Amino acid sequence: MIIKTLAAGLAAALVSAPAWAATPIDAYRLSPVVENGKVTALAITLTLPADADGETRLKLPDAWGGGEKLWRFVKDPVVTGGTLSAPDEKTWVVRSKPGAPLTVRYRVISAYDGEPPVDSVNYGQPIVGPDGFYVIGHTVFVRPEGRDGDRARFTWDQAGSDLVFASDLEPLIKAPGKLDDLSASVAIAYKDLTILEREAAGAPLRLAARGTFAFTPAAFADMAAHTIADSRAFWGDAKEPFLITLSDLNAPKGWTSFRGTGLGDAFAVISTRNVPLDQYKLFLAHEYFHTWNSNRLGGSQDGPQEPAGYWFSEGFTDYYARRLSLRSGFVSLEAFVKDWNEALQAYGLSPFRAAPNATIVARFWSDRTLQKLPYHRGALFAVLMEAQLKAKGGLDPVMLAMRDYAKGRDRAEWNFAAANLFPRIAKARTGIDVTSELDRYVTRGMPIALAPDAFGGCLTVERVTRPKFDRGFDGDASQKTGVITGVLSTAPPTRRACATA
Ligand SMILES: [Zn+2]
């Protein structure tokens, strides 16, 4: 009896050994579903070894970038090598022999009925059909739960279509990468996609553009190469291939909108057709700076606490986008001043100017009037920090030290957010404790007033009082309830930066 049991146990161990011996490789294949010449869905095939206990849990896309319940667009799973059940909407469970090879096929359909609306709060949801698709990895790829260390391989299968494909997943065709690389990705494919290459500070930049704009794709690619070179010069690293996707958006006359999503080795831009090239400059500088802030500076918290760190991830990114762009001549002093003035005015007139950070966390995705606050507050706080740390070299060496410290370390040490790492590294690098300023201006949200010389020699900050447009009610709340609600407060004073030389 005893010998038999041992033998059975040994046999099971031998069968499962290949799955335990090496890091599992999860292979994802993406292809379009084309019916009558139209793209109607995406077909995704995932092959992976089952978990060692024979129960493999797969997580469906859920919430990302303002999109919610993204599992609604993930359909028709079919599994070979095991049996599938779905204990809830966002989980698939596959039961099989331990370590068995599994194949999971599913489809992703469009989140939109036709073109995405121009006033959508986010464009992070899958856009599929009829002429192609534009998707962010977070929103389409199902991931095995508890196996973040798995490696991921990627294949694009154009399935007989004539779609031109571009994605920052292409390196994963040649060599497996991390599952996180798979999620933080963009994939775009249209027949009329234009792909251009540029050299930016020693590494290739690709632009994949689709649509009609007020400029040529070549002019956009040249401009993007300039700002990428600026950021790379500041950080001295990330000389890696980079992809920008640019797709146009239908809009009624007079609408102007452009949005970007930073994805580490790519950024995805979606824009109305009427935006002049110059208007993208600080926007692109901001987006590219996200290559470091926050992923390489300590990260950001997943889930509902993520907006708690936006003062750093967005505000410091705005600050550096303007600063590096002025420094390199990418934007003029006038453009720098104009952008700062817009931010200062929006901050000064914000009804939430004195809101604590907890309000940003609670209402960021539901209240549009609040969404720009962490950008403006964070940028102003960066100006304060530059002044406070000035005698010790200012903010720049602290940012570089954050990058060096965060590299390869377990992010649990600073609770996964660069915003938490910042005061620690500031103290370690300069000896200056900034926690009381953080508590005052970020956590409690006391309004920041800049000193007249906050921007240095040739610029002064002036305090001005502005009348504020007030429709007399809370538009967002009224739209939701159908009843005119909420009276906005009267205008607080704002501050204005202007050129004096
Ligand atoms: Zn941003």
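Thresholds, definitions, all that
- Residues numbered from 1 in each chain as written.
- Predicted model: local features only at pLDDT ≥ 70, side-chain atom pairs only at ≥ 80, totals over all residues.
- Helix = DSSP H or I, 4+ residues; strand = E, 2+ residues; numbered from the N terminus.
- Buried ≥ 20, exposed ≤ 12 C-beta atoms within 10 Å, placed from the backbone.
- Contact = placed C-beta atoms within 7 Å.
- Pairing = 2+ DSSP bridges.
- Axes fitted to C-alpha atoms, helices over the stretch in contact; angles between N-to-C directions.
- Right-handed = clockwise from strand over helix to strand, strands pointing away.
- Parallel < 35°, antiparallel > 145°, perpendicular 65-115°, else oblique.
- Left-handed = near helix turned anticlockwise from the far one by under 90°.
- Nonpolar A, V, L, I, M, F, W, Y, C, P; charged D, E, K, R; others polar.
- Core = buried A, V, L, I, M, F, W, Y, C linked by C-beta atoms within 7 Å.
- Expected span 1.5 Å × (residues − 1).
- pLDDT = per-residue confidence, 0-100.

J.: How do you make sense of the overall build of the protein chain when you look at a structure like this?
T.: Each helix and strand counted, the protein chain has 13 helices and 21 strands in total. Across the 501 residues that make up the protein chain, the buried fraction comes to 40%. In the protein chain, 68% of the contacts between residues at least 6 apart in sequence involve partners at least 24 apart.

J.: Is there a simple way to explain the sheet that holds strand E16 (residues 203-210) in this structure?
T.: Pairing between the strands of a sheet is mediated by backbone hydrogen bonds and can be parallel or antiparallel. Reading across the sheet, the 5 strands line up as E15-E16-E17-E19-E18 and stay open at both edges, with mixed pairing between neighbours. Whereas interior strands pair on both sides, the edge strands pair on one side only; in this sheet they are strand E15 (194-200) and strand E18 (258-262). Geometrically, the sheet is characterised by an average inter-axis angle of 15 degrees between neighbouring strands, direction not taken into account. As paired elements, strand E17 (residues 242-249) and strand E19 (residues 266-272) share 7 bridges and run parallel to each other. Within E19, the position partnered with Asp 248 by the bridge is Ser 271. The strands touched by helix H4 (residues 217-235) are E15, E16 and E17; relative to E15, the strand with the most contacts, the crossing angle is about 35 degrees. Together, E18 and E19 form the strand contacts of helix H5 (residues 281-289), whose direction differs from that of E18 by roughly 20 degrees.

J.: I'm lost on the pairing of E16 in this one. Help?
T.: Regular strands place side chains that alternate from one sheet face to the opposite one. Where E15 meets E16, 7 bridges bridge the pair, whose relative direction is antiparallel. Residue Ile 195 lies in a different strand from E16, and its bridge partner there is Ala 208. Joining the antiparallel neighbours E15 and E16 is a turn of 2 residues, in which Ala 201 adopts a positive phi near 50 degrees. Pairing analysis gives 6 bridges linking E16 to E17, with the strands arranged parallel. Directly across from Ala 209, in E17, lies its bridge partner Leu 246. Handedness of the crossover is the feature at issue here: the chain leaves E16, passes through H4, returns alongside E17, and the resulting connection is left-handed.

J.: What should I look at first to understand the sheet that holds strand E14 (residues 186-190) in this one?
T.: One open sheet holds the 4 strands; their spatial order is E8-E9-E14-E12, and the pairing between them is antiparallel. The sheet is open, and its two edges are formed by strand E8 (127-128) and strand E12 (164-167), each paired on a single side. Where E12 and E14 come together, 4 bridges link them in antiparallel fashion. Bridge pairing in E14 places Ala 166 opposite Ile 188.

J.: Please explain the packing of helix H10 (residues 396-406) against helix H11 (residues 418-430) as it appears in this structure.
T.: Angle between the axes and distance between the axes: these two values describe a pair of packed helices. Taken N-terminus to C-terminus, the directions of H10 and H11 make an angle of 110 degrees; their axes are 9 Å apart at the nearest point. Compared by their axis directions, H10 and H11 come out roughly perpendicular. Crossing of H10 over H11 shows right-handed handedness. In contact with Pro 397, Val 398, Ala 401, Met 402, Tyr 405 and Ala 406 of H10, H11 contributes Ala 418, Leu 421, Phe 422, Ile 425, Ala 426, Arg 429 and Thr 430.

J.: Even after reading the chapter, I still don't get the pairing of E14, so can you show me in this structure?
T.: In terms of residue burial, E14 counts as a mostly covered element, since 5 of its 5 residues are buried. Pairing of strand E9 (residues 132-136) with E14, which is carried by 5 bridges, proceeds in the antiparallel orientation. Bridging across to E14, Val 135 finds its partner in Ala 187.

J.: Explanation requested: unusual backbone geometry in the structure shown.
T.: In terms of backbone geometry, most residues other than glycine have negative phi values and most peptide bonds are trans. For the peptide bond that leads from Gly 129 to Pro 130, omega is -5 degrees, which places it in the cis range. Within the secondary structure layout, Pro 130 lies in the loop between E8 and E9. A cis geometry characterises the amide bond from Asn 293 onward to Ser 294, with omega recorded as 20 degrees. Residue position: Ser 294 is located in the loop between H5 and helix H6 (310-328). With a phi angle near 50 degrees, Lys 69 is a residue other than glycine that sits in the positive phi range. Looking at the element boundaries, Lys 69 is found in the loop between strand E3 (55-59) and strand E4 (74-80). The backbone of Asp 76 shows a phi angle near 55 degrees, a positive value even though the residue is not glycine. Here Asp 76 lies in strand E4.

J.: It is not clear to me how the packing of H5 against H6 should be interpreted in this structure. Could you clarify?
T.: Where H5 meets H6, the closest approach of the two axes is 8 Å, and the angle between their N-to-C directions is 120 degrees. As judged from the angle between their axes, H5 and H6 are oblique. In this structure, H5 meets H6 at a crossing whose hand is right-handed. Only Thr 317, Asp 318, Tyr 320, Ala 321, Arg 322, Leu 324 and Ser 325 of H6 make contact with H5, whose side of the interface consists of Lys 281, Leu 282, Ala 285, His 286 and Phe 289. Grouping the constituent residues of the contact of H5 with H6 by class yields 6 nonpolar, 3 polar and 3 charged.

J.: What is the right way to look at the nonpolar core in this model?
T.: General note: in soluble globular proteins, nonpolar side chains tend to be found buried as a group. Within the largest apolar cluster, 125 residues are counted, with the highest numbers of intra-cluster contacts made by Ile 188, Leu 207, Ala 224 and Met 402. When residues of this core are assigned to their parent elements, the largest contribution, 9 residues, is made by H6. The residues contacting Ile 188, other than those within four sequence positions of it, are Tyr 134, Ala 166, Leu 193, Ala 208, Arg 210, Thr 245 and Ser 247.

J.: Please clarify how H6 should be interpreted in this entry.
T.: For an α-helix, 3.6 residues make a turn, and residues three or four places apart therefore share a direction. Between its first and last C-alpha, H6 extends 26 Å over 19 residues, near the 27 Å set by a 1.5 Å rise per residue. Across the 19 residues that make up H6, a large majority, 17, are buried. Backbone geometry just after H6 places Gly 329 at a positive phi near 80 degrees.

J.: Sorry if this is basic, but what is going on with the environment of Leu 30 here?
T.: Within the secondary structure, Leu 30 is located in strand E1 (residues 25-35). Since 25 C-beta atoms lie within 10 Å of it, Leu 30 is described here as buried. Sequence separation between Leu 30 and Arg 107 is 77 residues, and the spatial gap between their C-alpha atoms is 9.7 Å. Leave out the neighbours within four places in its chain, and Leu 30 touches Leu 42, Ile 44, Trp 156, Asp 157 and Ala 187.

J.: Looking at this model, I keep getting lost on the environment of Asp 433. Mind explaining?
T.: Along the chain, Asp 433 turns up in the loop between H11 and helix H12 (435-443). Asp 433 sits 10 residues away from Pro 423 along the chain, and the two C-alpha atoms are 7.1 Å apart.

J.: Help me understand the confidence of the model for the protein chain, please; the structure alone is not making it clear to me.
T.: Residues shown with low pLDDT carry predicted positions that ought not to be read at fine detail. Per-residue confidence for the protein chain gives a mean pLDDT of 88; residues scoring 70 or more make up 87%. Residue range residues 1-20 is modelled with pLDDT below 50. Its contacts to residues more than four positions away, or to other chains, number 10 contacts. Counted against residues more than four places away or in other chains, residues 481-501, with its pLDDT under 50, gives 61 contacts.

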